[in-house]
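Letter by letter, the chains look like this.
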Amino acid sequence: MNIIDDIRARQSELSRIRRDIHAYPELAFDEHRTGDVVARHLEALGIETHRGIGRTGVVGVIRAGSSTRAIGLRADMDALPITERNTFEHCSRHAGRMHACGHDGHTTMLLGAAEYLAKHRNFDGTVVLIFQPAEEGEGGAPAMLADGLLERFPFEMVFGMHNWPGLPVGSFGVFPGPVMASSDQWEIHLHGRGAHAAMPQQGLDPIVAGAALVQSLQSLITRTRDPLEPAVLSVTQFHAGEAYNAIPDRAYLMGTVRALSHNERDRLEHAIGVVTDGIAAAHGVRAEYTYRRGYPPTINDAAAAAVCAQAAAKVAGATGVLANLRPSMGAEDFAYFAQARPGCYVWIGNGPGEGGCTLHNPNYDFNDEALPIGASYWVRLVETALAPA
Ligand SMILES: [Zn+2]
Ligand SMILES: [Zn+2]
């Protein structure tokens, strides 16, 4: 492991920062304290700092040399509405809120790198440090983009990093192509005709229609999907009826679609509507279908991924860079940055994930051992991507 000496020397300081952020978790667009911790830290280092980008986002800018090249490094700052079950000293002071996804660690690793970069400036160009709010579903990345992030702080490539329980500490997952899935929601209202349960011929039963629909939707995954195109279609709610002896007049279904490509996502959005109309017609009920797009798939640019693999190897050695990993069907709003500019999102090992130390689990905690590793990676990435000519 080639942790940068200056960063290793600050390991306990990095742990202190990380545990402080962990103790005071804040939800989407409410990261006032966290953003303030970040901004004060950057300001104390003499780094040009901008608050309030995308509501609670913070941007730092570090320049060196004369090159006009620029890259963006992104960390997320928000926590989750989960009650922490850990009992250690730095556990959440905020009831019902928890850093269960390690964004406390992501923020700290980027701060650790910022300190080194500001001090040494071993690169030629501009580094834009992006501390984004609201990664967990609310879309802090698109909020920052809509707030003029790219116009105000232009960069040509963008990089993200997420801790990954199940990967050993000291390893990185780096590969081109899809890395995280899209995450969309759909809803279907079925309008039938209520009737006495003993006289079904007088009604139009939305429950039977809904049951048929649940079955038929699965065929979109098993029969009409290219088996080499990963996708998930889950029905997660089905509500209908109030009495044991009455056929209700409506049913409600909702669910989610996850896909690793834009094509498959588009296909499912359309195909759910077609199947719904067909099943509704067959049962004589009327259907209303809405599809709400969430985060797009996160797709790593090949050139950006090659730079990340180089930088990760400088820290973890060639054997610590794992390229043969499969994408996750979870979602990530770094996708919006990677749509705007060529980008790459890597995983950094968080350890075995035992004892509930898995993402979004009430017993999760970011592994402090990864802090100097991730901070060193960011520095090597900057030195690689913005190497002096
Ligand atoms: Zn998460
Ligand atoms: Zn996360």
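Residues numbered from 1 in each chain as written. Chains lettered and ligands numbered in written order. Predicted model: local features only at pLDDT ≥ 70, side-chain atom pairs only at ≥ 80, totals over all residues. Heavy atoms only, no water.

**What to know about the sheet that holds strand E10 (residues 231-240)**
- Read from one edge to the other, the open sheet built from 4 strands follows the order E10-E12-E8-E13, with strand pairing classed as antiparallel. Among the strands making up the open sheet, the edge pair consists of E10 and strand E13 (286-295). On average, each strand axis in the sheet is tilted by 15 degrees relative to the strand beside it, whichever way the strands run.
- Along the sheet face, helix H7 (residues 206-222) touches strand E8 (183-191), E10 and strand E12 (250-259) and points at about 175 degrees away from the line of E10.
- Sheet contacts for helix H8 (residues 262-283): E8, E10, E12 and E13; angle to E13, the most-contacted strand, approximately 165 degrees. (Pairing = 2+ DSSP bridges. Helix = DSSP H or I, 4+ residues; strand = E, 2+ residues; numbered from the N terminus. Axes fitted to C-alpha atoms, helices over the stretch in contact; angles between N-to-C directions. Contact = heavy atoms within 4.5 Å.)

**Side note on the coordination of the zinc ion (ligand 1)**
- Donor atoms from the polypeptide that coordinate the zinc ion (ligand 1) comprise Cys101 (SG), Glu136 (OE), Glu136 (OE) and His360 (NE2), at 2.0 to 2.7 Å from the metal.
- Angles of 53 to 151 degrees at the metal separate the 4 donor atoms of the zinc ion (ligand 1), which places the site in the irregular class.
- Counting along the primary sequence, the residues that act as donors to the zinc ion (ligand 1) give the motif C-x34-E-x223-H. (Donors = N, O, S within 2.8 Å, 3.2 Å for Na, K, Ca; no water. Tetrahedral: all angles 85-135°; square planar, octahedral: opposite > 155°, others 65-115°.)

**Looking at the packing of helix H4 (residues 103-120) against helix H11 (residues 370-385)**
- Packing of H4 against H11 leaves a shortest axis separation of 8 Å and a crossing angle of 50 degrees. With respect to each other, H4 and H11 are oriented oblique. The element H4 and its partner H11 pack so that their crossing is right-handed. Residues Gly105, Thr108, Met109, Leu110, Gly112, Ala113, Tyr116 and Leu117 of H4 pack against Ala370, Leu371, Gly374, Ala375, Trp378, Val379, Val382 and Glu383 of H11. (Parallel < 35°, antiparallel > 145°, perpendicular 65-115°, else oblique. Left-handed = near helix turned anticlockwise from the far one by under 90°.)

**Things to note about the coordination of the zinc ion (ligand 2)**
- Every protein donor of the zinc ion (ligand 2) is listed here as Cys101 (SG), His103 (NE2) and His162 (NE2), and their distances to the metal cover 2.1 to 2.3 Å.
- Donor residues for the zinc ion (ligand 2) sit on one chain with the sequence pattern C-x1-H-x58-H.
- Taken as a pair, the zinc ion (ligand 2) and the zinc ion (ligand 1) lie 3.1 Å from each other and share Cys101 as a ligand. The exposure classification of Cys101 matches that of His103, with both residues buried. (Buried < 20%, exposed > 50% of the residue type's maximum accessible area, 1.4 Å probe, protein only.)

**Focus on the environment of Val61**
- Looking at where Val61 falls in the secondary structure, it is placed in strand E2 (residues 57-64).
- Given a relative accessible area of 6%, Val61 falls into the buried group.
- In the structure, Val61 is positioned 68 residues away from Leu129 in sequence and 6.1 Å away in space, judged by C-alpha atoms.
- Look past the residues within four positions of Val61 in its chain and what remains in contact with it is Ile47, Glu48, His50, Thr126, Val127 and Phe153.

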